[in-house]
Amino acid sequence: MAAQEIDNSTTWGKELWDQFDNIATHTQKGIDFIERFGGFIRDRSAIEVEYALKLRRLVKNYQPKKSKEDEENEFSSLIAFKNVLKEVADLAGQREVVAENLQNQVLQGILLLAKNLREERKKALNQGASLTQSLHTQIGTLDRAKRSYEKAFREAEKAIESYHKADADFHLSRADVEKQRVNMNIRNSQSEDAKSEYANQLQITNKQQQQHYQIALPEVFNRLQELDEKRTRGMKEFIKRSADVEYEVSPIIAHCLEGIVKAADSINEKDDSMIVIEKYQSGFQPPGDIPFEDLSKPDPDAANNSQTHNSSTGLNHMTGKGTTKDKLKKRVGIFGIFTGNKKILEACINVKNNLSTDGLKEDFSDLPPTQRRKKLTAKVQELQQKVAQEQAASDGLMKMKGVYEANSMLGDPRTVEEQLNESVNRLDRLRHELLRYQKLLEQANNQSFIQHSPQSNRVIQNGQRSSRHSNGSSNHENSHEDNGEDHPDDAGSLSSSASPESGLGTSHTSLPGSGQGSTNEQPMNEEFYEADTPLGTCRALYPFDATSEGSIPMSEGEELQVIEVDQGDGWTRVRRFSSKGWEEGFVPTSYIECTLYA
C-alpha cells in the first residue's frame, strides 16, 4: 500500500496519531494554496496576453505610413525603425506563446491536481471519520457494559448483606432466610454475567483501539501525508514548468533582440545625408556676388530705358501716388488673353489637363533641374517596364492567333485579332510616350543650368530692385524648346505663365502679352515695373501658402503694400519687406482687406 512506502519513523500516523482535526485543516489549506497558485498563473497569463495585445497596438500605431516617394528614398533610420517594429511584433507573438503554454501546461495541470487532491482528501477524511466513529461506538458499548457490571455488582453485594442479616436474625422464619439466599445467588449470578460481558467488551475495545491507532488511522494519516507531499511536489513541478515556458521562447526572444541590435547597427548617418541631398537637391548654383552700384556715375542703360519709357504711349507713366489709369489698363490688356484669344484659353485648359495626379506638370518643368531629371528618369523606367509588359502580351496574342488560325476548333482568330489590335495601339502609344520622355530626359541632361536659383536671382538696376526668373524674358525665346514638344506660340508661352498662381505676376516680361501672346500691347520694362509706388496698404484676413511661382505666402494679420489692384482676375499684386529684401507677388483678393491712398 501507499502508506507502507512512507518511512514509519517519520509518518503522520505515528507522530500525529491524535491530530486528526489539525491534519484535516492543514491538508485543506494546502489545497487552497495550490488553487491560489493556479489563480496566480491564470492572472499572469492574462497579463501576458494583454501585454502582447498592447505591443501589437503599439506597433500598429507607430507603423510609418507608406509613400511611394519614401519607398524610393528610404532613410536607413526609417528602415531600421520598421525592422524594430517587426521584431517587437515578433516579441508580442512570443508573449502570446508564453500565455498559451502557461494556460495549457501549467494552469490546467494545477486545476487537475487540485481536483484530484480534493477528492482523495475527502475519501481519506471520510474513512478516518468512519474509523473514529466505530471506535467511539465500541468505547460507548464498553462504557455501558461497565456500568451494567457496576450495577450488578452493587446489587449482589446488597443481596449478600441482606442474606447475612436474615440468617442472623432468629425472629425470621426459615422460609424468609431461604428467600434471601435465593436472591443472593441470583444477584451474584447476574454480577458474574455483567462482569464477563464487561471483560469481553473491554477486550474487544482494546483490540479495536489498538487496531485503530496503530494500523487503520495511521494508514489514513499516511495517505493524507502522501496527498500533501504530492501537492508540494506539484507546486515544485509547476513552478519549474512555468520557468521552462519562458526558457522555450527565450532563444526566439534573444533572436528578436539581436534583430533590434542589427537594425540599429544598420543605421548609417552618411547614407541618410546623401539621401537628403538626392531628395532635395535642386541643381541650382549659389548666387554670385552682388555688384557694387556707383550712383555717382551715369548708367547708359538707365538712360536708354528712360528714353524707351518716354517714347511709349504713356502706359508706364508713374505719378507720386502710384500707377496711373493707363498702367492699370495695360494690366487689363495683359489679362485679357483669357477672353480675347480663344486659342490661348483652350491652351490654358490643356495646361490644367496636363498636370499629373500629384499636381506636377507632365514634363516636370516646374521642378528644379536635379529633381526634374530624377522624375524623368523614373518615368522613363516606368514606361520601359510597361512597354516590355505590353510587348510580351502582344507576342502572346500573336502566338495565340497563329494557333487559332492553324486549328479553328481551339478558338476564333478574329477575337484574338481585336485584342491584338488594341494591344498594338497601346504599345504604339506607350512607345511614343517613352520616346517623348527620353527626349525630355536627354534635354534635361544636356541643359546647362542657370547659375542662380529663382529665390536668389534678384539684381539691382538703376538703383531699384528687380526680379528675374529662370523662365523670364531672357529665356522666353527658348521656352518652346525646353518642354520637349511642339506647340503654338500662344499655347507655349501660356503653359509657363497661365495665371498669377503659376508665375504670371512675377515679371511682366514673362507674360504672353509681352511681345508674343498679343500684338496690341507694348512690352513693359522690368526695371520700371519693380519700382512701382504703392497704391495703398492691405491686411491679410487669412493665412495663405504660396504653391507656385508668382504668388507669395502671407500670415494672418500681416501688413503688405498694394502695387496693383485686382483687375477682375481675383488676384492683387502686393509687396513686402523681409529678411531677404523686398518680395513681390500675387495674393488672392478675397484674402486681404485693402486701404488705398487718396
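All values derive from a computational prediction rather than experimental measurement.

Rules used in this analysis
- The residue numbering used here restarts from 1 in each chain and proceeds along that chain's sequence as written.
- The predicted origin of the model limits local features to residues at a pLDDT of at least 70 and limits the giving and counting of side-chain atom pairs to 80 or more, whereas totals for whole chains, interfaces and linings rest on all residues.
- For side-chain calculations, the full set of non-hydrogen atoms in the structure is used, while hydrogens and water are omitted.
- The helix and strand labels rest on DSSP assignments: H or I over at least four residues marks a helix, E over at least two residues marks a strand, and numbering proceeds from the N terminus.
- Relative accessibility thresholds used throughout: buried, under 20% of the residue-type maximum; exposed, over 50%; partly exposed, between the two (1.4 Å probe, protein chains only).
- What makes two residues a contact is simply this: any of their non-hydrogen atoms within 4.5 Å.
- Note on areas: Shrake-Rupley, 1.4 Å probe, and residue coverage restricted to the protein chains presented here.
- Put simply, two rings from Phe, Tyr or Trp (the six-membered ring, in Trp's case) pair if the centres are within 6.5 Å, and we call them stacked under 30 degrees between planes, edge-to-face over 60, tilted for the rest.
- A positively charged side chain is recorded as over a ring if its NZ (Lys) or CZ (Arg) lies within 6 Å of the ring centre. The angle to the ring normal must also be within 35 degrees.
- In plain words, nonpolar cores are sets of buried Ala, Val, Leu, Ile, Met, Phe, Trp, Tyr and Cys residues tied together by side-chain atoms within 4.5 Å.
- Two strands pair under a simple rule: DSSP has to find at least two bridges between them.
- An axis is simply a line fitted to the C-alpha atoms; with a helix, the fit covers only the stretch in contact. Between two such axes, the angle follows the N-to-C directions and lies from 0 to 180 degrees.
- Between the first and last residue of a helix there are one fewer steps than residues, each counted as 1.5 Å, and that sum is the expected span.
- Directions drawn from the helix axis to the C-beta atoms are what define this arc.
- Two N or O atoms form a polar contact when they lie within 3.5 Å of each other; inside protein one atom must be a possible hydrogen donor and the other a possible acceptor, and for residues adjacent in sequence the pair counts only when both atoms belong to side chains.
- When describing relative orientation, an angle under 35 degrees is termed roughly parallel and one over 145 degrees roughly antiparallel, while 65 to 115 degrees is termed roughly perpendicular and anything else oblique.
- Helix crossings are classified by the rotation of the near helix relative to the far one: an anticlockwise turn of less than a right angle makes the crossing left-handed, while a clockwise turn makes it right-handed.
- In this count, Pro and Cys sit with the nonpolar residues alongside Ala, Val, Leu, Ile, Met, Phe, Trp and Tyr, while Asp, Glu, Lys and Arg are called charged and the others, Gly among them, polar.
- Only residues above 30% relative accessible area that lack a salt bridge enter a patch, with like-charged residues linked at up to 9 Å and the nonpolar side chains Val, Leu, Ile, Met, Phe, Trp and Tyr linked at up to 5 Å.
- Salt bridge, as used here, is a side-chain nitrogen of Lys or Arg placed within 4 Å of a carboxyl oxygen of Asp or Glu.
- The disulfide definition used here is simple: a pair of cysteine sulfur atoms within 2.5 Å.
- Note: pLDDT gives the predictor's confidence per residue, expressed from 0 to 100.
- What we call the bend at a residue is the angle made by axes fitted to the seven residues finishing there and the seven residues starting there.
- We score Asp and Glu as negative and Lys and Arg as positive, and we do not count His or the chain ends.
- Throughout, a charge is located at the NZ atom of Lys, the CZ atom of Arg, the CG atom of Asp or the CD atom of Glu.

A. The arrangement of the overall build of the chain in detail. Within the chain one finds 15 helices and nine strands. Taken over 598 residues, the chain has a buried fraction of 35%. Put simply, of all contacts in the chain between residues at least 6 apart along the chain, 73% involve residues at least 24 apart. As displayed, the chain offers around 36,400 Å² of accessible surface, 52% of which is attributable to carbon and sulfur atoms.

B. Summary view of the packing of aromatic side chains. Enumeration over the complete set of coordinates arrives at nine aromatic pairs. A network of ring pairs unites the aromatic residues Tyr542, Phe544, Trp571 and Tyr591 as a single cluster. The aromatic ring of Tyr437 is capped on one face by Arg436, whose charged end is 5.0 Å from the ring centroid. The ring of Trp582 has Arg575 sitting right over it, with the charged end atom 5.2 Å from the ring centre.

C. Quick look at the nonpolar core. Formed by 20 residues in total, the largest nonpolar core has its most connected members in Ile34, Phe37, Ile41, Leu102, Val106, Ile110 and Phe238. Contributing elements (two or more residues each) for this core: α2 (20-61), α4 (76-168) and α5 (174-265). Within the second largest apolar cluster, 14 residues are counted, among which are Leu535, Ala540, Phe586 and Ile592.

D. Representation of the sheet that holds strand β7 (residues 571-578) in the model. Here five strands make up an open sheet; going across it, the order is β8-β7-β6-β5-β9 and the pairing antiparallel. Of all strands in the sheet, those bounded by a partner on one side alone are β8 (581-588) and β9 (592-596). Across the sheet, the axes of successive neighbouring strands diverge by a mean angle of 35°, strand direction being ignored.

E. Structural detail: helix α6 (residues 269-280). Given a rise of 1.5 Å per residue, 12 residues ought to cover 16 Å, and the 17 Å separating the end C-alpha atoms of α6 matches this to within 8%. Looking at α6, one finds that the buried residues are Asp272, Ile275 and Lys279. The buried side chains of α6 occupy one side of the element, clustering within an arc of 55° when seen end-on. Away from its buried face, by an angle of more than 90 degrees, α6 presents the exposed residues Lys270 and Met274. Measuring from the backbone nitrogen of Lys270 back to the side-chain oxygen at the start of α6 gives 2.9 Å, which picks out Asn268 as the cap.

F. Local environment of the pairing of strand β5 (residues 536-540). The side-chain alternation of β5 yields one buried face, formed by Gly536, Cys538 and Ala540, and one unburied face, formed by Thr537 and Arg539. Bridge analysis of β5 against strand β6 (residues 559-564) gives four bridges, and the strand direction is antiparallel. Across the sheet, Gly536 pairs through a bridge with Val562, a residue of β6. Across five bridges, the pairing between β5 and β9 is antiparallel. Following the sheet pairing, Thr537 is matched in β9 by Thr595.

G. Just the packing of α2 against α5, in detail. As a packed pair, α2 and α5 sit with axes 10 Å apart at the nearest point and diverge in direction by 15°. Regarding the angle of α2 to α5, the classification is roughly parallel. With respect to the hand of their crossing, α2 and α5 are arranged in left-handed fashion. Facing Phe20, Ile23, His26, Thr27, Gly30, Ile31, Phe33, Ile34, Phe37, Ile41, Arg44 and Glu48 of α2, the residues of α5 in contact are Leu217, Phe221, Leu224, Asp228, Arg231, Met235, Phe238, Ile239, Ser242 and Glu246. Tallied by class, the residues present in the contact of α2 with α5 amount to 13 nonpolar, four polar and five charged.

H. View of a nonpolar patch on the surface. Nonpolar side chains collect at one region of the surface, where Leu58, Tyr62 and Phe81 lie side by side and expose about 300 Å² of accessible area between them. Position of Leu58 relative to the elements: it lies in helix α2.

I. Representation of the state of the cysteines. Throughout the structure, instances matching the rule amount to zero disulfides. Left unpaired, Cys538 is separated from the closest cysteine sulfur, that of Cys594, by 5.0 Å. Residue Cys538 is classed as buried on the basis of its relative accessible area of 1%. A residue is classified by how much of its surface remains accessible, and Cys594, at 38% relative accessible area, is partly exposed.

J. A look at the side chain of Thr27. Tracing the chain through its elements places Thr27 in helix α2. Setting aside anything within four residues of it in sequence, one finds Thr27 in contact with Trp12, Arg121, Leu224 and Asp228.

K. Molecular detail of the confidence of the model for the chain. Scored by pLDDT, the chain has a mean of 76; 72% of the residues are at 70 or more. Of the regions scoring below 50 in pLDDT, residues 305-349 engages in 78 contacts with residues more than four places distant in sequence or in other chains. Low pLDDT, under 50, characterises residues 448-531; the stretch is placed with 185 contacts to residues that sit more than four places away or in other chains.

L. The pattern of salt bridges, seen in detail. Overall, the coordinates contain 22 salt bridges when judged by the stated rule. Notably, a salt bridge pairs Glu48 with Arg95, separated by 2.9 Å at the nearest N-O pair. Here Arg95 lies in helix α4 and Glu48 lies in helix α2, a separation of 47 residues in the sequence. Owing to a relative accessible area of 8%, Glu48 belongs among the buried residues under this scheme. Arg95 sits in the buried class, given a relative accessible area of 13%.

M. Here's a closer look at the pairing of β8. Most of β8 sits out of view: seven of its eight residues are buried. The hairpin formed by β7 and β8 contains two residues between the paired strands.

N. Representation of the environment of Ala80 in the model. Mapped onto the secondary structure, Ala80 falls in helix α4. On the basis of relative accessibility, which here comes to 3%, the residue Ala80 falls in the buried class. Sequence separation of Ala80 and Ala264 is 184 residues, and the distance between their C-alpha atoms is 6.1 Å. Setting aside anything within four residues of it in sequence, one finds Ala80 in contact with Ala263, Ser266 and Ile267.

O. Quick peek at α5. Relative to the 136 Å expected for 92 residues at 1.5 Å per residue, α5 spans 132 Å between its end C-alpha atoms, a close match to the ideal helical length. By the largest-angle criterion, His212 marks the main kink of α5, which is about 45°.

P. Up close: a negative patch on the surface. The grouping of Glu405, Glu417, Glu418 and Glu422 at the surface amounts to a negative patch. In this structure, Glu405 sits in helix α11 (residues 369-406).

Q. Here's a closer look at the packing of α4 against α5. For the pair α4 and α5, the least separation of the axes is 6 Å and the interaxial angle reads 175°. In terms of axis orientation, α4 runs roughly antiparallel to α5.

R. Examining the environment of Thr137 more closely. Inspection of the secondary structure puts Thr137 in helix α4. When its relative accessible area of 43% is taken as the criterion, Thr137 is described as partly exposed. Residues Thr137 and Thr205, 68 residues apart in the sequence, show an inter-C-alpha distance of 9.4 Å.

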